[in-house]
Every structure is written in C-alpha cells, then in structure tokens.
Amino acid sequence: MRFRAKIVDLACLNHFSRIINTIAKLAKTCILRLTVCKLYFILSDKVANGGASMWCELSQGNFFDEFQMEGVAAEHNEIYLEFVPENLWRALKTAQSAKAVKIKLTNKHCPCLRVAVELPSLSSSSRVVTHDIPVGVIPRRMWSDFREPSVPDFDVSIYLPVLKTMKSVVERMKNLSNFIVIEANLSGEMNLKIETDLVSVTTHFKDLGNPPWASEDGCQSSAQGRDLESMAEACIDIKKLQQLLAGQQVNPTKALCNIVHKRIIHFILLHEEVSLQYFIPAIA
C-alpha cells in the first residue's frame, strides 16, 4: 500500500486548502478514500442517530502535478484512511507561498500522512517543513460502510438562493431557535422558518428555479406529477445547516437542495472540479 502526491501550482494548492477547510468545518474526523483518479472525503454519521453525512469527491488531476498510489491489492486498488481534516488543513495553511507540497503515506511508528512543505528561501537551499498527520487504515471488510449514499427519492428539488444571503439569514435565526424548517415547492419558492412559543419568523425566496432532474437522466422522483405549488418541508438542526453555510469555501457554481418530505434534506454543491453532497436528517 503506497501513496505519494505533489502539488506545485499555487492556485491549485490554495483551492485544495479551501476544500479541506470546508470539510474540517463539517466533520471532526472523516474517511479519505484514494483511487487512481479521485479523492473522496466521506463522513457517514449514522443518519438513524440523527447524524449528518457528507460525500465530497474531486479529480486528482485537477489539483496534483504528481499522483501515485498502490492500493491494498491489484483488484482492490484503493486506500481508505481515517483522519482529522482540521490537522491536514493546518498543515496546508503553512503552505500558502510554498514552492511545492508533497503528501506521502508513511509508517514509521504509526501510519501517517506526511505533508512536506517546501518554502522559498533566500539561500540556494530550500527550507522544508514537515507535518505528520496520524491516520487510521480502514480494513477492506469495512469499506462497504463508506459507499456513496444514494440520492433519496425526493419530493422537491430546488436551486438554493445566494449562499451568503442564506448564511446571514440562518445566523440570525440561530439566536432564536435550535431548529429550522426548510420548505420549497416546484414553482421555485423556498421558505426558511422558525417557530417557537415566543416568535415565528419566515424568510421567503422566490424565482429560484427547479433543476430538470427527471428529463435529464430519467431519474424518477416522487416530484413527478406533484402539484407545483404544494410545499415539501423538513425540520432540521439549525447548527448543522449553519456549519455547511459557514464552511463554504468552495464557491459552488451550482447549489441545490432536495427535500424528502419530513425525512431528509440533501444539499449538493457543485464546482468545476469538486462536488460536495451533504445530508441532514429531519427531526421528528
């Protein structure tokens, strides 16, 4: 089992660092799945226990100048590692003006991701700062716990409003309640609501547009044949929504949400080379 990679391009490095920062805000620990073409960051808190789950994938070719890996076996050419994304982000933060960053899986005293940051220096010799990030190697028998979550059979799919606007609304609402209701319909309308014994606040968004799911890939959903005006809703933990919005460093070109009435809200944020899915279960 071997893995080594190198980033030379500063723009790629900073972009990668921003993605790790976003993930660190959503997950204290997560799984890094390495394949020949892609990296996946996976959080699978059991939704049954009210935990959120995340699936973020990026193509390594868009970030790394060199990328070599050998998985656990020829027919299972993958590596699954458990790690603390905050640690990786801290290491990358020291690399903002680096000449190059190398990442390598090592095993001196325990398995680690070694991040070697080559910094520019005035003399001919360069300075290298290394960070060892402990990782846990996930055995193959447990890989099936970390498969891509299936897109739920949703009632409504809708594009999100500008995330900055949504973030400031949610931050204000967070001071009033621990829960938020998101409701939307197939006419491009979405409401964010909180209701407590003392106060009831609703923010309305209009003309957001609904993605053409069913026509594009034959993906059937319970949205078909649904009354365009009728709202699907789910009440979720406002902190989990705030984490998603506060951690947004990816600046998605497309952001949408699928609602399974009273069951789950599924967010999808897409950027040219990154896709992030985040599932927040409804609170009964």
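Each value, and the rule that gives it
- Residues numbered from 1 in each chain as written.
- Predicted model: local features only at pLDDT ≥ 70, side-chain atom pairs only at ≥ 80, totals over all residues.
- Heavy atoms only, no water.
- UniProt positions renumbered as here; feature names shortened; annotations may be inferred.
- 1 Å grid on protein atoms, 1.4 Å probe; cavity = no way out; pocket = protein on both sides within 12 Å on 5 of 7 lines; lining within 4 Å.
- Points joined across faces, edges and corners; volume = space filled by probe spheres on them.
- Helix = DSSP H or I, 4+ residues; strand = E, 2+ residues; numbered from the N terminus.
- Nonpolar A, V, L, I, M, F, W, Y, C, P; charged D, E, K, R; others polar.
- Core = buried A, V, L, I, M, F, W, Y, C linked by side-chain atoms within 4.5 Å.
- Buried < 20%, exposed > 50% of the residue type's maximum accessible area, 1.4 Å probe, protein only.
- Domains from an automatic or database assignment.
- Contact = heavy atoms within 4.5 Å.
- Polar contact = N/O pair within 3.5 Å; in protein donor to acceptor, adjacent residues only side chain to side chain.
- Pairing = 2+ DSSP bridges.
- Axes fitted to C-alpha atoms, helices over the stretch in contact; angles between N-to-C directions.
- Phe/Tyr/Trp six-rings, centres within 6.5 Å; stacked < 30°, edge-to-face > 60°.

As named in an unreviewed UniProt entry, the protein is Checkpoint protein HUS1, taken from Agelaius phoeniceus. Taken from UniProt, the Subunit (unreviewed entry) comment for the protein reads in full: "Component of the toroidal 9-1-1 (RAD9-RAD1-HUS1) complex, composed of RAD9A, RAD1 and HUS1. The 9-1-1 complex associates with LIG1, POLB, FEN1, RAD17, HDAC1, RPA1 and RPA2. The 9-1-1 complex associates with the RAD17-RFC complex. HUS1 interacts with POLB, HDAC1, FEN1, PCNA and RAD9B. HUS1 does not interact with RAD17. Interacts with DNAJC7." On record in UniProt, under Sequence similarities (unreviewed entry), the comment for the protein is "Belongs to the HUS1 family."

### Observations concerning the layout of surface pockets
By volume, the largest pocket is sized at about 270 Å³. Along the wall of the largest pocket there are 14 residues; nearest its centre are Leu163, Lys164, Gln248, Asn251 and Pro252. Taken together, the elements giving at least two residues each to the lining of the largest pocket come down to helix 3 (163–174), helix 5 (238–246) and strand 16 (254–260). Element by element, the count of residues in the lining of the largest pocket is highest for helix 3, at three residues. Of the residues in the lining of the largest pocket, the class split is eight nonpolar, three polar and three charged.

### Some details on the nonpolar core
Counting residues in hydrophobic clusters, the biggest one holds 76 residues, and the most contacted among them are Phe41 and Met190. Considering each element in turn, this core owes the most residues, six residues, to helix 1 (residues 10–26). Each of domain 1 (2–145) and domain 2 (156–217 + 226–281) accounts for three or more of the residues forming this core. Ignoring sequence-local partners within four residues, the contact set of phenylalanine 41 consists of Ile20, Ile23, Cys30, Ile31, Leu32, Met54, Trp55, Cys56, Leu58 and Phe83. In terms of nonpolar packing, the next biggest core, distinct from the first, is built from eight residues, Ile31, Ile42, Trp143 and Phe146 among them.

### Here's the deal with the side chain of serine 177
Relative to the elements of secondary structure, serine 177 occurs in the loop between helix 3 and strand 12 (179–184). Only 3.0 Å separates the side chain of serine 177 from the backbone nitrogen of phenylalanine 179, close enough to count as a polar contact.

### Here's the deal with the sheet that holds strand 1 (residues 2–7)
Across a sheet, strands are paired by hydrogen bonds formed along the backbone, either parallel or antiparallel in direction. Ordered by their spatial adjacency, five strands build an open sheet running 5-1-7-8-9, and the pairing between neighbours is antiparallel. The open sheet has two edge strands with one neighbour each: strand 5 (66–70) and strand 9 (127–134). Direction aside, neighbouring strands of the sheet carry axes that sit 15 degrees apart on average. Packing of helix 2 (residues 85–93) onto the sheet brings it into contact with strand 7 (100–107), strand 8 (111–119) and strand 9, and relative to strand 9 it is tilted by some 175 degrees.

### Some remarks on the packing of aromatic side chains
On inspection of all chains with the given rule, the structure shows eight aromatic pairs. Ring geometry for phenylalanine 41 and phenylalanine 83: centres 6.3 Å apart, planes at 55 degrees, overall tilted. In this pair, phenylalanine 41 sits in strand 3 (residues 38–44) while phenylalanine 83 sits in strand 6 (residues 79–83), placing the two residues 42 residues apart along the sequence. Like phenylalanine 83, phenylalanine 41 is buried. Plain terms: the ring middles of phenylalanine 64 and phenylalanine 67 are 5.4 Å apart, the flat faces sit at 55 degrees to each other, and that makes the pair tilted. On the basis of relative accessibility, which here comes to 15%, the residue phenylalanine 67 falls in the buried class. One aromatic cluster is present, formed by Phe3, Phe16, Phe63, Phe64 and Phe67 through successive ring pairs.

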